[in-house]
Amino acid sequence: MRFNEKELASLSRQPSEMAAELGMRGPKKGDVVKRRLVKLVVNFLFYFRTDEEEPIGALLLEQCRVEREDSRSFSIAFLDEAERKYLFECDSGEQCGEWVDSIIKASYEFMRKNLIFYRTEIHRLTGKVRFIRECGTRKALRVEVFLCRNCILYTGSMYRSLSEDYEVYVLFNTVLLLQKQYFS
């Protein structure tokens, strides 16, 4: 994959969804666990030496599998290179669970699946197919989520029964949560 080093370094300085010092072992045989500052920014996992500001590496969290190895560690392996596995050691089991959840939710694939789910729910509630276009970029996905939210608001005002209103209310709040989680 090609990338611009300056843009990637700039992205690494953006506010992160999560950041912590973790033990990290690279994919090479004989690699040892080293303490690294690890930052999750959008769908990149940057890792730094603990005393430096420039990242020494980055993992694009697409087409990868995240698994818990034990109560305090997890691994990331990429589907096209399953033998290359990065291992991360956390300070607690709770921290490990948070990292695994955040990394899984950071991928474009995860957001796309959620969007398809919300489209289906809107169709089920309204009987209308509102969104046909496939999202190719994160910006397009942001527009889709915004349109979903507005469609649900409009749909909610058309309903008369309390149970349907409640269902629209729950769906609307779920989309708002998705929007806040990924785009705020």
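Residues numbered from 1 in each chain as written. Predicted model: local features only at pLDDT ≥ 70, side-chain atom pairs only at ≥ 80, totals over all residues. Heavy atoms only, no water.

Chemist: What's the story with the overall build of the protein chain in this structure? I'm lost.
Modeler: A count of helical and extended segments in the protein chain gives five helices and seven strands. Seen in sequence order, the protein chain has helices and strands lined up from the N terminus as α-β-β-β-β-β-β-β-α-α-α-α. For the protein chain, the residues scored as buried account for 39% of the 184 residues in total. Of the contacts made within the protein chain by residues no fewer than 6 positions apart, 47% connect residues no fewer than 24 positions apart. With the model as given, the accessible surface of the protein chain reaches about 11,400 Å², and the carbon-plus-sulfur share is 52%. (Helix = DSSP H or I, 4+ residues; strand = E, 2+ residues; numbered from the N terminus. Buried < 20%, exposed > 50% of the residue type's maximum accessible area, 1.4 Å probe, protein only. Contact = heavy atoms within 4.5 Å. Areas by Shrake-Rupley, 256 points an atom, 1.4 Å probe, with all protein chains shown as cover.)

Chemist: Help me understand the packing of aromatic side chains in this model?
Modeler: The geometry of an aromatic ring pair is captured by the separation of the ring centres together with the interplanar angle, meaning the angle of the planes. Applying the stated criterion across every chain yields a total of three aromatic pairs. With a centroid separation of 5.7 Å and 25° between ring planes, the pair formed by Phe44 and Phe46 is classed as stacked. A residue is classified by how much of its surface remains accessible, and Phe46, at 0% relative accessible area, is buried. Ring geometry for Phe74 against Phe88: centres 5.1 Å apart, planes inclined by 15°, an arrangement best described as stacked. Highlighted residues: Phe74 in strand E6 (residues 73–78) and Phe88 in strand E7 (residues 81–89), separated in sequence by 14 residues. Accessibility classification places Phe74 together with Phe88 in one group, the buried group. (Phe/Tyr/Trp six-rings, centres within 6.5 Å; stacked < 30°, edge-to-face > 60°.)

Chemist: Got a minute to help me understand the pairing of E6 in this structure?
Modeler: On a regular strand, each side chain points to the face opposite its neighbour's, so the side chains alternate between the two faces of the sheet. The buried fraction of E6 amounts to six of the six residues, a majority that puts the element mostly inside the structure. Counted between consecutive antiparallel strands, the loop separating strand E5 (residues 64–70) from E6 contains two residues. Pairing of E6 with E7, which is carried by six bridges, proceeds in the antiparallel orientation. Within the sheet, the bridge partner assigned to Ile76 lies in E7 and is Tyr86. (Pairing = 2+ DSSP bridges.)

Chemist: Even after reading the chapter, I still don't get the confidence of the model for the protein chain, so can you show me in this structure?
Modeler: Caution applies to low-pLDDT parts of the model: their predicted coordinates are not meant to be read in detail. Scored by pLDDT, the protein chain has a mean of 77; 67% of the residues are at 70 or more. When mean pLDDT is compared element by element in the protein chain, strand E1 (residues 18–25) scores highest at 95, while helix H4 (residues 138–158) scores lowest at 47. (pLDDT = per-residue confidence, 0-100.)

Chemist: Could you clarify how one ought to interpret helix H1 (residues 5–12) in this entry?
Modeler: Three or four residues apart is the spacing at which side chains of an α-helix point the same way, because the helix has 3.6 residues per turn. Taken together, the buried positions of H1 are occupied by Leu8, Ala9 and Ser12. Across the axial projection of H1, the buried residues extend over an arc of 100°, all falling on one side. Exposed residues lying more than 90 degrees from the buried face of H1 are Lys6 and Glu7. Packing partners of the buried residues in H1 comprise strand E2 (34–41), strand E3 (44–48) and strand E4 (57–60). Where H1 starts, the residue carrying a side-chain oxygen 2.9 Å from the main-chain nitrogen of Lys6 turns out to be Asn4. (Arc of directions from axis to C-beta. Polar contact = N/O pair within 3.5 Å; in protein donor to acceptor, adjacent residues only side chain to side chain.)

Chemist: I would appreciate a short explanation of helix H2 (residues 93–105) in the present structure.
Modeler: Its 13 residues give H2 an end-to-end C-alpha distance of 18 Å, which sits within 8% of 18 Å, the value for a rise of 1.5 Å per residue. Here H2 has its buried residues at Gln95, Cys96, Gly97, Trp99, Val100 and Ile103. Check the buried side of H2 and you find it contacts E1, E2, E3, E5 and E6. (Expected span 1.5 Å × (residues − 1).)

Chemist: Explanation requested: unusual backbone geometry in the structure shown.
Modeler: Across residues other than glycine, the phi torsion is negative in most instances, and most of the peptide bonds are trans. Notably, Val42 is not glycine yet its phi reads approximately 55°, a positive angle. Here Val42 lies in the loop between E2 and E3. Although it is not a glycine, Gln63 sits at a positive phi angle of roughly 55°. Relative to the assigned elements, Gln63 resides in the loop between E4 and E5.

Chemist: Please clarify how the nonpolar core should be interpreted in this entry.
Modeler: Side chains of a nonpolar character, in soluble globular proteins, are inclined to be buried together. Formed by 22 residues in total, the largest nonpolar core has its most connected members in Leu45, Leu59, Phe74, Ile76, Phe88 and Trp99. Contributions of two or more residues to this core are made by E1, E2, E3, E6, E7 and H2. Those residues in contact with Ile76 that lie beyond four places of it in its chain are Leu45, Leu59, Leu61, Cys64, Arg65, Val66, Arg84, Lys85, Tyr86, Phe88 and Ile103. In this structure, Leu8, Phe44, Phe46 and Phe48 belong to the second largest nonpolar core, which totals five residues. (Core = buried A, V, L, I, M, F, W, Y, C linked by side-chain atoms within 4.5 Å.)

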